[in-house]
Amino acid sequence: MKRQWMFALTFLMMFLTGHNLMAQNVTIDGQVTDTSGEPLPGVTVWIQGTQTGAITNLNGEYTIDANPGDVLVYSFIGYTNEEVVVGDTSTINIALTSDMVGLEEVVVIGYGSVKRKDVTTAISTVSTDDLDQRPINMVSQALQGKAAGVSVTRPNGEPGAGMVIRVRGTTSFNGSNDPLYVVDGVPMTDIAFLSANDIESIQILKDASSAAIYGSRAANGVVIITTKSGSVDNARITLTAHTGVTRLANEIESLKVNEYRELLSDMGSTINLPNNLSDQTDWYEETYQSARTENYQLSVSNATDKLSYYISGGYTQEEGIINVAFFERYNFKANIDNQIKPWLNIGANISYSDYASNGIISGQGANRAGVVLSVINTPTYAPIWDPENPGQYNNQFYGANITHPVENMSRSEDNRNGNNRLIATGNAEITFTPDLSFKSTMTMDRSYNHATTFLDPLKTSWGRSQHGAASDNRSLGTVMIFDNILNYNRDLNAHNFDVMLGSSGTTSKWSQSSQAVTHYNDGSIQTINAGNKLSQGNGTYAANWAIMSYLGRVAYNFDSKYLISVNMRADGSSKLHPDHRWGYFPSASAAWRLSSEPFLQDLFWLDDLKIRGGWGQTGNQSGLGDYSYLERYGISRQNWWEPGKENATVTLYQNNLRNTDLTWETTTQSNLGIDLTILSNRINLSADWYYKSTTDMLMNVSLPSGSAQASSITRNEGEMTNTGFEFMVNSRNLTGPFSWQTDFNISFNRNELNSLSLTQIYYDARTSDNLNEFVVRNEPGRSLGGFYGYISDGVDPESGELMYRDFNEDGVLSSSDRTYIGDPNPDFTFGLTNNFEYKGLSLNILLQGAYGNDIFNASRIETEGMYDAKNQSRKVLNRWRIPGQLTDMPKAGYDMKVSSYFVEDGSFLRVKDISLAYNFSGGRLERWGINRLQPYFTATNLLTFTNYSGMDPEVNQWGNSGAVQGIDWGTIPTPNPLYWVSKLNFKQHKK
């Protein structure tokens, strides 16, 4: 049905774009001026969708032949384009408005808004214009490569996978490093429910002076998202449909049967393969697929002078490039605003989303159900099914411990993680005077999660050993937010005062039911009641927390020349001991517009020049549990069926040590910046330097064995700094019928763990069972996530062994010779967007990349390690075989350690998106009531330039971890989608 619908839409597009050959030409003349009445020579006047155009003369006059219904476009550097539909009149005079929109644009800030020219802090605006030409399923994708100081990576290629977002580096060791999201004024940590088609604007508050108004949640920056609303006299119906095909971008070939047999011989393996084996299974074909992606969104909006509304709904489906993975979402949104009285405005925002997903087992070797690695590690001679045991996957590998990828996929094919999210907001605003208003907002944010798993008792070897297994986990969380904000804004000649006072109360209630069972007869019934052996861990859980906040801001503006803003927020959290419950987060910023000074007035090319600076403090409590400062106890059930325990009750054991001194993690940040606009708003530049210091880091500290009844304590432990520079430039290189606009941003950040109090060294990221060693070591004086191991000096030509450096030069190779062998933190990240437009044709190209970061390719331990009977990649054909051979691949069965041999340069340049679109309008479309029909084609991750030998340089198996980064360990690579999109607008057109 969906394919039929898409075919009908495409046919409609082709039909509607035909030209009315019977239309009669009309000669149009007129004059183009600016808003003061001065004529504008050199203005381009052209008929949209054609090559017909004219240029105004010295008096701003023009003449052009057009048909009734054609759309005339008036374009001039430094001025906003105007569009006029040709009617019965033969004279059309136009006054163009100076295009200083970038400076006059209203930017949303915490609990308020301000003109961009009056911003005193470090705020990045992510343009939502190109969202019309990019098929984005997850909103966080819209940030990638778009804002200086904001690193956005996709750690794996699972459908619906969240992005890892870092605003000016990593600030927390154990806590969350994600920014706070504020959607239509509602703070939250997850925006998977949101459709990108509903977004009106995105602002990122990067420095503490802008983010401190959100206090204890804003240490990692704030992303403010405003959704769409209706526009006065602009009734609009918009239908967007995209469908695409996603495929694996890069493959690693494995050995054929004869090559594999030879490898076993070189290893001295006792496995004897029959002589009649042949290559019969392509495991890539059995595991990966060309996956479909579909997204359909419909919205309706309109407004009068009293009432505005925006209503939308949609469906998204994303199949994974690995067969069992998927993401599916239904979304609905309604924004309504009503001016009841001149002094009373009420509004309501409602969002509902139902979304579900499934993934695979990754970050494991082939024998532990790791799907990605088992594709390479499984010999090609093996069949999928066991010919002697119908209904069971083949596990006959002649003594080798291998499970093939289809069996590994089967381990999770019946899993499902479902979510329902309802966010309902009601607000009322009273305007006492034109200067004084009060707004009260109440929000309910309710999330329901239902995650189920099922392991068939027959098909897989692990399922047979467990006799089948299933789990059913359900949780319900309700967050209530009550905000009250009083605003006073007064203009006194050139003086402007803006004062805000408010309070915000947040309460959260959460409960969970968890059930697990084993011992099923078969896989026909997958519910909990069909299993026979219930887990002792089954039960229910609940927790509550609350935050009370008081906030205020005073801003002064003298003629948009001298600007200052001071903020203060106080947060009290139930997660902290009553003696340390309240945290206070001040900030201040100021700006000086030099371009308004008399000594710069004669610079005709200078539109705006502003320097700004700010300081502030923000907090973080995300690393805390709901009762972290208390001494908590675990529950251990007794086996009531054992003799003498028929009436036994549970026993308690101590989980942690109490810490009454637990307090806020605090980040203090200073920022200096400059904003420059030149050549009639043709070039805009911004540059910022910042210094961030995080103190009292919240950490889970392991205690020495036997030193206390519990093994860990949550405490404030250590300091960390981030310092950096970021630069952004926007240029309109060409204007007129052919236009070209460029956006470029680059960010440099240096991270350092400065000090730790109790435990000085933390090891993390254990990978292969064969090595059983940690890859990452964190200690003061280093950046987070450093790789630690032996330095490899290549392959010994005589023995074929890897040569490991005696780092301490004591003549003995031991663990004392380990040192830092790699740094996953890039020297810089960047993004480059180019938009080209000619008539109705547009081309959008987004490049994104990173330079100077290392990747620990743990996958090579399994695919090039040659330590057991698993199949290997074809790279091992270059292995050492005879004395004197020069090669970079050691011999089969070499002495393998965590070493620089597995560390690779992770720098990359990626052609992230290329979109080609054509905008049809006017003519027959206009008469049909269609304002715009825009088909476009998009290729994502089309090309990646890198020296990294793995499948994807962007992945990290440890996902969103702050302490562990840049490790590829059987991680699903980012796919390469191709999309076809059609966008249809029905709109009331103003003549």
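The rules behind the values
Position numbers for residues count from 1 along each chain, tracking the sequence in the order it is written. Totals for whole chains, interfaces and linings use every residue, but because this is a predicted model, local features are given only for residues with pLDDT of at least 70 and side-chain atom pairs only at 80 or more, for both listing and counting. Excluded from the side-chain calculation are hydrogens and water; included are all heavy atoms of the structure. UniProt positions are given in the numbering used here, feature names are shortened, and annotations may be inferred rather than shown by experiment. For the purposes of this entry, the term helix denotes a DSSP run of H or I that reaches at least four residues, the term strand denotes a run of E that reaches at least two, and both are numbered from the N terminus. Note on method: radius of gyration uses C-alpha positions; expected globular size equals 2.2 Å times residues raised to 0.38. Contacts: residue pairs with any heavy atoms within 4.5 Å of one another. In these tables, accessible area is a Shrake-Rupley quantity obtained with a 1.4 Å probe, and a residue counts as shielded only by the protein chains included in the view. As used here, the term nonpolar core means buried Ala, Val, Leu, Ile, Met, Phe, Trp, Tyr and Cys residues forming a set that is joined through side-chain atoms within 4.5 Å. Burial status follows relative accessibility: with a 1.4 Å probe on protein chains alone, a residue under 20% of its type maximum counts as buried, one over 50% as exposed, and anything between as partly exposed. Any carboxyl oxygen of Asp or Glu within 4 Å of a side-chain nitrogen of Lys or Arg constitutes a salt bridge here. The arc refers to the directions leading from the helix axis to the C-beta atoms. By definition, no residue in a patch forms a salt bridge, and every one has over 30% relative accessible area; like charges are joined within 9 Å, nonpolar side chains (Val, Leu, Ile, Met, Phe, Trp, Tyr) within 5 Å. Here the rule is simple: two strands pair whenever DSSP picks up at least two bridges between them. Each axis is a line fitted through C-alpha atoms, and for a helix only the stretch in contact is used; angles between axes span 0 to 180 degrees, taken between their N-to-C directions. Here the bounds of each domain stem from an automatic or database domain assignment. Ring pairs shown here join Phe, Tyr and Trp side chains whose ring centres sit within 6.5 Å, with only the six-membered ring taken for Trp; geometry is labelled stacked below 30 degrees between planes, edge-to-face above 60, and tilted in between. The criterion is that NZ of a Lys, or CZ of an Arg, lies within 6 Å of the ring centre and within 35 degrees of the ring normal, and then a charge sits over that ring. As used in this structure description, the phrase polar contact means that two N or O atoms lie within 3.5 Å; if the pair is within protein, one of them must be able to donate a hydrogen and the other to accept it, and residues adjacent in sequence are counted only when both atoms belong to side chains.

Under an unreviewed UniProt entry, the name given to the protein is SusC, outer membrane protein, and the organism recorded is Geofilum rubicundum JCM 15548. Heading Sequence similarities (unreviewed entry) of the UniProt record for the protein holds this comment: "Belongs to the TonB-dependent receptor family."

Draft legend 1. View of the overall build of the protein. Secondary structure assignment for the protein yields 10 helices and 52 strands. By the compact-globule yardstick of 30 Å for 991 residues, the protein fits well, its C-alpha radius of gyration being 31 Å. Contacts in the protein between residues far apart in sequence, at least 24 positions, make up 69% of those at least 6 positions apart. Counting every atom, the protein has about 42400 Å² of accessible surface; 53% of that belongs to carbon and sulfur.

Draft legend 2. Region of the structure containing the nonpolar core. Y288, I322, F856 and I967 are the most contacted members of the largest nonpolar core, which totals 74 residues. Contributions of two or more residues to this core are made by helix 4 (257-267), helix 5 (283-287), helix 6 (371-377), helix 7 (405-410), strand 35 (698-702), strand 39 (762-766), strand 40 (774-778) and strand 43 (802-804). The element best represented in this core is helix 6, accounting for 5 residues. The contacts of F856, once residues within four sequence positions are left out, are V775, F787, I861, V898, S899, F902, V903, G966, I967 and D968. In this structure, I136, A142, Y181 and A192 belong to the second largest nonpolar core, which totals 32 residues.

Draft legend 3. Molecular detail of the pattern of salt bridges. The final tally for this structure, using the stated rule, is 35 salt bridges. A salt bridge links K459 to E413; its shortest N-O distance comes to 2.5 Å. One end of the pair, K459, is in the loop between strand 23 (436-455) and helix 8 (461-466); the other, E413, is in the loop between helix 7 and strand 22 (416-433), with 46 residues separating them in the sequence. Among the ionic pairs, R612 bridges to D675, the shortest N-O distance being 2.9 Å. Placement of R612 in strand 30 (residues 606-620) and of D675 in strand 33 (residues 665-678) is noted, with a sequence separation of 63 residues between them. With respect to burial, R612 and D675 carry one shared label: buried. Counted as one network, the salt bridges with shared partners bring together K610, R612, D675 and D688.

Draft legend 4. The arrangement of helix 4 in detail. Every buried residue belonging to helix 4 is among V257, E259, Y260, L263 and L264, and all of these are buried. Burial along helix 4 is one-sided: seen end-on, the buried residues are contained in an arc of 160 degrees. The exposed residues of helix 4 that point more than 90 degrees off its buried face are N258 and S265. In the segment just after helix 4, G268 is the residue with positive phi, at about 75 degrees.

Draft legend 5. Layout of a nonpolar patch on the surface. A cluster of nonpolar residues, L734, F738, W740, Y838, L841 and L916, forms a patch on the protein surface that exposes about 510 Å² of accessible area. By the secondary structure assignment, L916 is in strand 49 (residues 908-918).

Draft legend 6. Seen up close, the sheet that holds strand 3 (residues 53-55). In spatial order, the strands read 3-2-5-6; together these 4 strands make up an open sheet with antiparallel pairing. Pairing within the sheet leaves two strands with one partner each, and these edge strands are strand 3 and strand 6 (82-85). Here the average twist between neighbouring strands, direction ignored, is 20 degrees. Bridging between strand 2 (residues 44-47) and strand 3 involves 3 bridges; their strand directions are antiparallel. From the neighbouring strand, T44 faces strand 3, where its bridge partner is I55.

Draft legend 7. Just the domain arrangement of the protein, in detail. When its domains are assigned, the protein resolves into domain 1 (25-95) and domain 2 (106-230). Computed from C-alpha atoms alone, the centre-to-centre distance between domain 1 and domain 2 is 39 Å.

Draft legend 8. Layout of the environment of P797. Counting through the fold element by element, P797 comes out in the loop between strand 42 (792-795) and strand 43. Under the relative-accessibility criterion, P797 is labelled partly exposed at 25%. Sequence separation between P797 and F604 is 193 residues; the distance between their C-alpha atoms is 69 Å.

Draft legend 9. Main features of unusual backbone geometry. Unlike most non-glycine residues, H467 shows phi in positive territory, near 60 degrees. The partly exposed category is assigned to H467, whose relative accessible area is 39%. Even without being glycine, H519 reaches a positive phi, approximately 70 degrees. Along the chain, H519 turns up in the loop between strand 25 (495-518) and strand 26 (533-534).

Draft legend 10. Structural detail: the packing of aromatic side chains. Under the definition given, this model contains 29 aromatic pairs. On the numbers, 4.2 Å between centres and 15 degrees between planes, the contact of W385 with Y393 is stacked. In this structure an aromatic cluster arises from ring pairing among F787, F856, Y894, Y901 and F902. Against the face of Y901 rests R860, its NZ or CZ located 4.6 Å from the ring centre.

Draft legend 11. Quick peek at the environment of N415. By the element assignment, N415 lies in the loop between helix 7 and strand 22. Taking the C-alpha atoms as reference, N415 lies 9.2 Å from A470; in sequence the two are 55 residues apart. Beyond its immediate sequence surroundings of up to four residues, N415 is in contact with N358, T452, T453 and F454. Separated by 3.2 Å, the side chain of N415 and the backbone nitrogen of F454 make a polar contact.

Draft legend 12. How the structure looks around the sheet that holds strand 16 (residues 222-227). The mixed open sheet is built from 5 strands, whose spatial order is 10-15-16-13-14. Looking at strand neighbours, the two that pair on one side only are strand 10 (123-126) and strand 14 (186-188), the edges of this open sheet. Along the sheet, successive strands turn relative to each other by an average axial angle of 20 degrees, direction set aside.

Draft legend 13. Representation of the pairing of strand 11 (residues 150-153) in the model. Residue alternation in strand 11 divides its side chains into a buried set, V150 and V152, and an unburied set, S151 and T153. Here strand 11 pairs with strand 12 (residues 164-167) via 4 bridges, running antiparallel. Its bridge partner being in strand 12, T153 is matched across the sheet by V164.

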